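Read off the chains here:
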Number of protein chains: 2
Amino acid sequence: MARFFMAGTNILGGMAIMKGRDADHVRVLRLRPGEDMIICDGKGTDYKCRLVKADKEQVEAEVIEVVKCPAEPTVKVSVLCGLPKGDKTDYIIQKCVEAGAEEIMFFQSGRCVAKPQNMEKKLERWQRISEEAAKQSGRGIIPQVSWAGDFAGALDVAVKKELGIFLYEAGEREALSQVLDSSKDVKSIALLTGPEGGFEEFETKLAKIAGLHICSMGERILRCETAPVVALTAAMYATGNLA
Amino acid sequence: MARFFMAGTNILGGMAIMKGRDADHVRVLRLRPGEDMIICDGKGTDYKCRLVKADKEQVEAEVIEVVKCPAEPTVKVSVLCGLPKGDKTDYIIQKCVEAGAEEIMFFQSGRCVAKPQNMEKKLERWQRISEEAAKQSGRGIIPQVSWAGDFAGALDVAVKKELGIFLYEAGEREALSQVLDSSKDVKSIALLTGPEGGFEEFETKLAKIAGLHICSMGERILRCETAPVVALTAAMYATGNLA
């Protein structure tokens, strides 16, 4: 079923009035009066609507049911990634939105090769990728994509979550599964993954001092754009949000 | 540490003699005598070697340790995907090799838009992608990429595994987590995912009759190139291979 977020929509007295880009989209999809679509408020609520009229000015639809969006996980996972090169950011955003992330943040760390340039433009583009993926996967929110600044900024975000997990590929670590399985009921998780070159040892020490769990995902070395998706999937699985 | 598969290597009396493409690669990496590298036999065994000599003809290295490759999971997961369009195949191969697949197979199903053309060339290219990803992620095997033929061919592969899972996005399904959690000790799993348009209803019926578990991964709709990676990660997590 066609799915929209409410940016261009007003709901008034049981009717949804849609203008602008989304209304154009309804016309492009050639939806006809009597056909159903979902308009989501971006806060986890779906308005199931039946199209009444779509003309050049606006789209009108009758609200026939209001439900909690079933696709939203019970746990809010913030995915924080060391800024990778090129379009790996896009891939991370798209896949993490599909897999159920609450938000995606990038940050600068010691071994980042990519430079945070033109961030305003990039953040705009990243947010559009998130919106597209959210629509396509049936999400009830549009996960926010943002810039956490430097490594300390990322840590600051992570320590505010109930469970903070720092994925690292060497040294003394806890098993990710053990940490997740003993925290099945947490409501917020932060997952930190590094850029192409991984984290510096001192960054790992800092993360540990800050109270994050330094975790292993096994002996296979995951690319920097794969690790966040795998870690997020594990978190969804462990908290019962993958079924 | 530099990592090679044994295609161009002979191990004789405690010495590894490497020729051809891999020997060229050693020279490109400018490895010097005394430096260590791993030569993997592609069957799960790693030969840790110390470089003795690298000249134009061949590379010679002393075998200093023989160990079981630590990156190989304890469960062999066959990932079977309805043939998707474009380079989504490449993405599926790369990510599933990183995530621990034993093999990746594509098949033709009712809603496949992509056509299986030039398969010989494609399989060659896919196998190279698998090899690259296997090296990069430290795998002990190069997962085979192959063509399963039609839907019946894919089912035929799946039913021979201890646990066969068919991922489907609608109707009556078991929770993936429930099926996996009650089969923690299986040694072989098949995961079937559909092409862009998903599976036909009759294909789902066939899969059920064939004895596969029809499973849900929750209410978020995953792209056809995301679903195999997420399902594989769940299988690795559930069987203790993600830590």
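Not measured: the values here are computed from a predicted model.

## Points about the packing of helix H7 (residues 227-238) of chain A against helix H7 (residues 227-238) of chain B
Moving on, step 1. Viewed as axis vectors pointing N to C, H7 of chain A and H7 of chain B meet at an angle of 60°, and their least axial separation amounts to 9 Å. The two elements H7 of chain A and H7 of chain B meet at a crossing, and its hand is right-handed. Contact residues: Val 230, Thr 233, Ala 234, Tyr 237 and Ala 238 of chain A in H7 of chain A; Val 230, Thr 233, Ala 234, Tyr 237 and Ala 238 of chain B in H7 of chain B.
Moving on, step 2. Residue classes in the contact of H7 of chain A with H7 of chain B are distributed as 8 nonpolar, 2 polar and no charged.

## Overview of helix H6 (residues 201-209) of chain A
Residue and element names in this part refer to chain A.
Moving on, step 1. Looking only at H6, the buried set comprises Glu 203, Thr 204 and Ala 207. What you see down the axis of H6 is that its buried residues fit within an arc of 100°, all on one side. Turned more than 90 degrees from where H6 packs its buried face, Glu 201, Phe 202, Lys 205, Lys 208 and Ile 209 sit exposed.
Moving on, step 2. Lining the buried residues of H6 we find helix H4 (151-159), strand S10 (163-167) and strand S13 (213-216).
Moving on, step 3. The first or second residue beyond H6 is Gly 211, which carries a positive phi of 100°.

## A closer look at the interface of chain A and chain B
Frequently, the measure chosen for interface size is the accessible area removed from exposure when the parts meet.
Moving on, step 1. At the junction of the two partners, chain A supplies 38 residues and chain B supplies 38 residues.
Moving on, step 2. Buried surface at the junction of chain A and chain B, summed over both partners, amounts to about 3200 Å²; 56% is from carbon and sulfur atoms.
Moving on, step 3. A per-residue breakdown of the area chain A buries against chain B is headed by Arg 220, Arg 223 and Tyr 237 of chain A, which together make up 26% of the total.
Moving on, step 4. Counting across the interface, chain A meets chain B through 4 salt bridges.
Moving on, step 5. Its salt-bridge partner being Glu 98 of chain B, residue Arg 223 of chain A comes within 3.5 Å of it at the nearest N-O pair.
Moving on, step 6. Where chain A meets chain B, there are 21 residue pairs in polar contact (both at pLDDT 80 or more).
Moving on, step 7. Counting residues per element, the ones that place at least two in the side of chain A that touches chain B are helix H2 (88-99), helix H3 (119-137), helix H5 (176-181) and H7 of chain A.
Moving on, step 8. Residue classes in the side of chain A that touches chain B are distributed as 19 nonpolar, 10 polar and 9 charged.

## As for unusual backbone geometry
Excluding glycine, residues mostly have negative phi values, and the peptide bonds linking residues are mostly trans.
Moving on, step 1. The residue Arg 30 of chain A is not glycine, and still its phi comes out positive at about 55°.
Moving on, step 2. For Arg 30 of chain A, a relative accessible area of 68% corresponds to the exposed category.

## A word on the relation of the copies chain A and chain B
Moving on, step 1. Rotating chain A by 180° and moving it 0.0 Å along the rotation axis overlays it on chain B with an RMSD of 0.0 Å. The symmetry that links the two subunits is that of a two-fold axis.

## Some thoughts on the pattern of salt bridges
Moving on, step 1. Applying the stated rule across the entire model yields 36 salt bridges over all chains.
Moving on, step 2. Two residues, Arg 3 of chain A and Asp 46 of chain A, come together in a salt bridge whose shortest N-O distance is 2.9 Å. Remark: Asp 46 of chain A occurs in strand S5 (residues 45-54) and Arg 3 of chain A occurs in strand S1 (residues 3-5); sequence separation between them is 43 residues. Like Asp 46 of chain A, Arg 3 of chain A is buried.
Moving on, step 3. Note that Arg 139 of chain A and Glu 72 of chain A form a salt bridge whose closest N and O atoms lie 2.7 Å from each other. Of this pair, Arg 139 of chain A sits in the loop between H3 and strand S9 (144-150) while Glu 72 of chain A sits in the loop between strand S6 (59-68) and strand S7 (76-82), placing them 67 residues apart in sequence. Across this residue pair, the class does not change: Arg 139 of chain A and Glu 72 of chain A are buried.
Moving on, step 4. Connected through salt bridges with shared partners, the residues Lys 95 and Glu 98 of chain A together with Arg 223 and Glu 225 of chain B form a single ionic network.

## Some remarks on the sheet that holds S1 of chain A
Residue and element names in this part refer to chain A.
Moving on, step 1. Here we have 6 strands laid out as an open sheet, ordered S1-S4-S5-S6-S3-S2, and mixed in their pairing. Only two strands of the sheet have a single neighbouring strand rather than two, namely S1 and strand S2 (9-12). Shown here is a sheet whose adjacent strand axes are inclined to one another by a mean of 35°, direction ignored.
Moving on, step 2. Sheet contacts for helix H1 (residues 20-28): S1, strand S3 (15-18), strand S4 (36-40), S5 and S6; angle to S1, the most-contacted strand, approximately 170°.

## Observations concerning the packing of helix H2 (residues 88-99) of chain B against H7 of chain B
Residue and element names in this part refer to chain B.
Moving on, step 1. Running from N to C, H2 and H7 cross one another at 10°; their axes reach a closest spacing of 9 Å. Between H2 and H7, the angle falls in the class roughly parallel. Together, Tyr 91, Ile 92, Lys 95, Cys 96 and Ala 99 of H2 and Pro 228, Val 229, Leu 232, Thr 233 and Met 236 of H7 make up the contact between the two elements.
Moving on, step 2. Per-class residue counts for the contact of H2 with H7 are 8 nonpolar, 1 polar and 1 charged.

## Describing the packing of aromatic side chains
Geometry of an aromatic ring pair is reported as the spacing of the ring centres plus the angle between the planes.
Moving on, step 1. According to the stated counting rule, one finds 16 aromatic pairs over all chains in the structure shown.
Moving on, step 2. Centre to centre, the rings of Tyr 237 of chain A and Tyr 237 of chain B are 5.5 Å apart; their planes meet at 55°, and the pair counts as tilted. A residue pair is termed interchain when its members come from two chains, as with Tyr 237 of chain A in helix H7 and Tyr 237 of chain B in helix H7. Comparing Tyr 237 of chain A with Tyr 237 of chain B shows no difference in burial state: the two are buried.
Moving on, step 3. Each residue in the set Phe 107, Phe 151, Phe 166, Tyr 168 and Phe 199 of chain A is aromatic and connected to the rest through ring pairs, giving one cluster.

What counts as what
- Residues numbered from 1 in each chain as written.
- Chains lettered and ligands numbered in written order.
- Predicted model: local features only at pLDDT ≥ 70, side-chain atom pairs only at ≥ 80, totals over all residues.
- Heavy atoms only, no water.
- Axes fitted to C-alpha atoms, helices over the stretch in contact; angles between N-to-C directions.
- Helix = DSSP H or I, 4+ residues; strand = E, 2+ residues; numbered from the N terminus.
- Left-handed = near helix turned anticlockwise from the far one by under 90°.
- Contact = heavy atoms within 4.5 Å.
- Nonpolar A, V, L, I, M, F, W, Y, C, P; charged D, E, K, R; others polar.
- Buried < 20%, exposed > 50% of the residue type's maximum accessible area, 1.4 Å probe, protein only.
- Arc of directions from axis to C-beta.
- Buried area = accessible area lost by both parts, 1.4 Å probe.
- Salt bridge = Lys/Arg side-chain N within 4 Å of Asp/Glu carboxyl O.
- Polar contact = N/O pair within 3.5 Å; in protein donor to acceptor, adjacent residues only side chain to side chain.
- Least-squares fit on C-alpha atoms with pLDDT ≥ 70 in both.
- Pairing = 2+ DSSP bridges.
- Parallel < 35°, antiparallel > 145°, perpendicular 65-115°, else oblique.
- Phe/Tyr/Trp six-rings, centres within 6.5 Å; stacked < 30°, edge-to-face > 60°.

Read these as spatial facts, not as claims about activity.
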